[in-house]
Amino acid sequence: MTFCEIFGIIDFGAMFAALFFFGETKMKRIVIALGGNALQEAGKPATAESQLEVVEKTSEYIADIIESGYDVVLAHGNGPQVGRIVLQNEYASAVTPAMPFDVCGAMSQGYIGYHMQQGLEKVLRTRKNGKRVVTVVTQVVVDKDDPKFKAPSKPIGPFYTEDEARKLEAEKGYTMKEDAGRGWRRVVASPMPVEIVELDAVKCLMNGGFIAITVGGGGIPVIKDENGNYIGTAAVIDKDLASERLAEDIDADALVILTAVEQVCINFGKPEQKSLATMTVEEARRYMAEGHFAPGSMLPKVEAAVKFVESKPGRKAIITSLDKAVEALEGKAGTTVC
């Protein structure tokens, strides 16, 4: 029986948390992957003012983690935001040329990062913490031969009628699919992240004491041509998998994936639903094979957690909610994958 399995049976309580998280093996450098609820609140208008208000609330929790002694690097999603940018571009195309999808992703990185810089620095300033926050508009290399390019599945942008969809397929070469009876949408590939182009810049900022915001929305997907130049491509890299790539590359001690729920569950939504405080890699693989985690939701989070834990002995991954992040780092909440 592994240590992690023993931990799943025995509750060591506060003593374990103090020794494991704050002793000699204390996790110092962590990558935090923020979910959509950290940027946009359900039921509130999708305005810049509303997003900044939500980001400021999120920043209180991030500041708590920073003040607990962790070196933090931030990543974030961009699904709703980039969708609105694409929509704006499509509707304004008769007035000004629509930007390609990779450019829309870069736009979303810039404005989300700007809000996060404002919100987090405001909170840190009130706490007399002088740390500065910097956003890196980040390219992430994907393999042009990734099999997912042959089976696009990630919907982006607005809905169309079937006639409009067929016209776009003919005129622009888009792949269009019907989306759950709501209309037709463009779909793009979701390839695996291979390399973070601006990694050295992120490391330089970290070493200089800055809090870096990077791989926003999974990063801007680019491929390398035969001359080593980067070319943007229409794709969506999963934010959690890009965060895992980042966490490996900066030699982080922990990957913290923040989402809408406190713990990972099996049999979700069923009478036998069970929350998991810990999960071994072997258990995670079995649960994934059994179909416990939904694609596009919990599945990529668990995949990212497993990949990070397996990358080097001693690494931990935590999946939890934003409001439980500090407690999860203390071993008192969330799901720890080990």
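Each remark here, short or long, concerns the structure printed above.
First, a word on what this report is: a plain description of the structure on this page. (Residues numbered from 1 in each chain as written. Predicted model: local features only at pLDDT ≥ 70, side-chain atom pairs only at ≥ 80, totals over all residues. Heavy atoms only, no water.)

## A closer look at unusual backbone geometry
Item 1. Even without glycine at this site, Val 215 takes up a positive phi of about 40 degrees.
Item 2. Mapping Val 215 onto the fold places it in the loop between strand 9 (211–213) and strand 10 (220–224).
Item 3. Positioned with a positive phi, Asp 251 is a non-glycine residue whose angle comes to about 55 degrees.
Item 4. Among the structural elements, Asp 251 can be located in the loop between helix 8 (239–249) and strand 12 (254–259). (Helix = DSSP H or I, 4+ residues; strand = E, 2+ residues; numbered from the N terminus.)

## Notes on the side chain of His 115
Item 1. Take His 115: it is sitting in helix 5 (residues 101–126).
Item 2. Residue His 115 is classed as buried on the basis of its relative accessible area, which comes to 5%.
Item 3. Apart from residues no more than four positions distant in its own chain, His 115 is found in contact with Ala 48, Gln 51, Leu 52 and Val 55. (Buried < 20%, exposed > 50% of the residue type's maximum accessible area, 1.4 Å probe, protein only. Contact = heavy atoms within 4.5 Å.)

## Focus on the nonpolar core
Note on soluble globular proteins: their nonpolar side chains tend to be buried together.
Item 1. Residues Val 31, Leu 246, Ile 250, Val 264, Met 279, Phe 293 and Val 302 are the most contacted members of the largest nonpolar core, which totals 43 residues.
Item 2. Among the elements that line this core, the one with the most residues is helix 10 (residues 298–311), at eight residues.
Item 3. One finds Val 256, Leu 258, Leu 322 and Ala 325 within the second-largest nonpolar core, a separate group that totals 29 residues. (Core = buried A, V, L, I, M, F, W, Y, C linked by side-chain atoms within 4.5 Å.)

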